Amino acid sequence: KGAEAFAFALETNSSLGMLSLEQNNIGHPGTIRLADMLKKNRTLYALYLEHNHIEDEGTIHLADSLQSNTTLKALFLGSNRVCIKGASALARML
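Residues numbered from 1 in each chain as written. Predicted model: local features only at pLDDT ≥ 70, side-chain atom pairs only at ≥ 80, totals over all residues. Heavy atoms only, no water.

With respect to the nonpolar core
Quick note on the threshold: Residues enter a nonpolar core if they are buried and are Ala, Val, Leu, Ile, Met, Phe, Trp, Tyr or Cys, with the set joined through side-chain atoms within 4.5 Å. Relative accessibility decides the category of a residue: with a 1.4 Å probe and only protein chains considered, values under 20% of the type maximum give buried, values over 50% give exposed, and everything between is partly exposed. Strands are runs of DSSP state E lasting at least two residues, helices are runs of H or I lasting at least four, and both sets are numbered from the N terminus onward. Contacts were defined at the residue level, with two residues in contact if any of their heavy atoms lie within 4.5 Å.
With 18 residues, the main nonpolar core has Leu34, Met37, Leu38, Leu44, Leu47 and Leu49 as its most contacted residues. Those elements that place two or more of their residues in this core are helix 1 (2–10) and helix 2 (27–38). Among the elements that line this core, the one with the most residues is helix 2, at 4 residues. In contact with Leu49, not counting residues within four places along its chain, are Leu21, Ile26, Leu34, Ile54, Leu62, Leu75, Phe76, Leu77 and Asn80.

See the structure below:
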């Protein structure tokens with residue numbers, strides 16, 4: 001629920017450029033909500049999501065959200081559960 005609250009607030013954020021949510025056990029629901037936020041946010045340029053139990057499905061949602069987000073330049077997903085499908089979705093966005 002914490003990631004979901006952050007995502008809601010960040011949809012209309014006009015100043016925060018970097019956010020670290022490392023080691024917060026965000027999991028699937030939080031990742032989906034963060035991906036939805038990225039479709040609307042235009043100030044965040046770096047998002048740190050390491051060690052959050054993010055899997056392929058959440059990673060695919062994040063990759064899809066980047067199609068409409070030109071501001072985010074750095075997305076850190078180290079030490080999650082991203083496998084081939086998630087990595088492939090991200091690679092297509094490069």
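Here's the deal with the environment of Leu72
Here Leu72 shows up in the loop between helix 3 (56–65) and strand 3 (74–76). Note: C-alpha distance between Leu72 and Leu38 (34 residues apart in sequence) is 8.2 Å. Sequence-distant contacts of Leu72, that is, excluding residues within four places in its chain, are made with Leu38, Leu44, Tyr45, Ala46, Leu47 and Leu66.

Focus: the sheet that holds strand 3
Heads up, the condition is: Strand pairing is assigned whenever DSSP detects at least two bridges linking the two strands. Fitted lines through C-alpha atoms give the axes, limited to the stretch in contact for helices. The angle between two N-to-C directions lies from 0 to 180 degrees.
Strand order in this open sheet of 3 strands is 1-2-3, and the pairing throughout is parallel. In the strand order of this sheet, the two ends are held by strand 1 (18–20) and strand 3, each with one partner. Strand-to-strand, the axes of this sheet are offset by a mean angle of 0°, without reference to chain direction. In this sheet, strand 2 (residues 46–48) lies alongside strand 1 in parallel orientation, the contact comprising 3 bridges. When the sheet's bridge partners are listed, Ser20 is paired in strand 2 with Tyr48.

A short note on the packing of helix 1 against helix 2
Let me state the cut-off plainly: Every angle not falling under 35 degrees, over 145, or within 65 to 115 is termed oblique; those three ranges are roughly parallel, roughly antiparallel and roughly perpendicular. Residue polarity is assigned by list, with Asp, Glu, Lys and Arg as charged and Ala, Val, Leu, Ile, Met, Phe, Trp, Tyr, Cys and Pro as nonpolar; anything else, Gly included, falls into the polar class.
One way to put it is that helix 1 packs onto helix 2 with a least axis distance of 8 Å and a crossing angle of 5°. Viewed along their axes, helix 1 and helix 2 adopt a mutual orientation that is roughly parallel. In contact with Ala3, Glu4, Ala7, Phe8 and Leu10 of helix 1, helix 2 contributes Pro29, Gly30, Arg33, Leu34 and Met37. Considered class by class, the residues forming the contact of helix 1 with helix 2 number 7 nonpolar, 1 polar and 2 charged.

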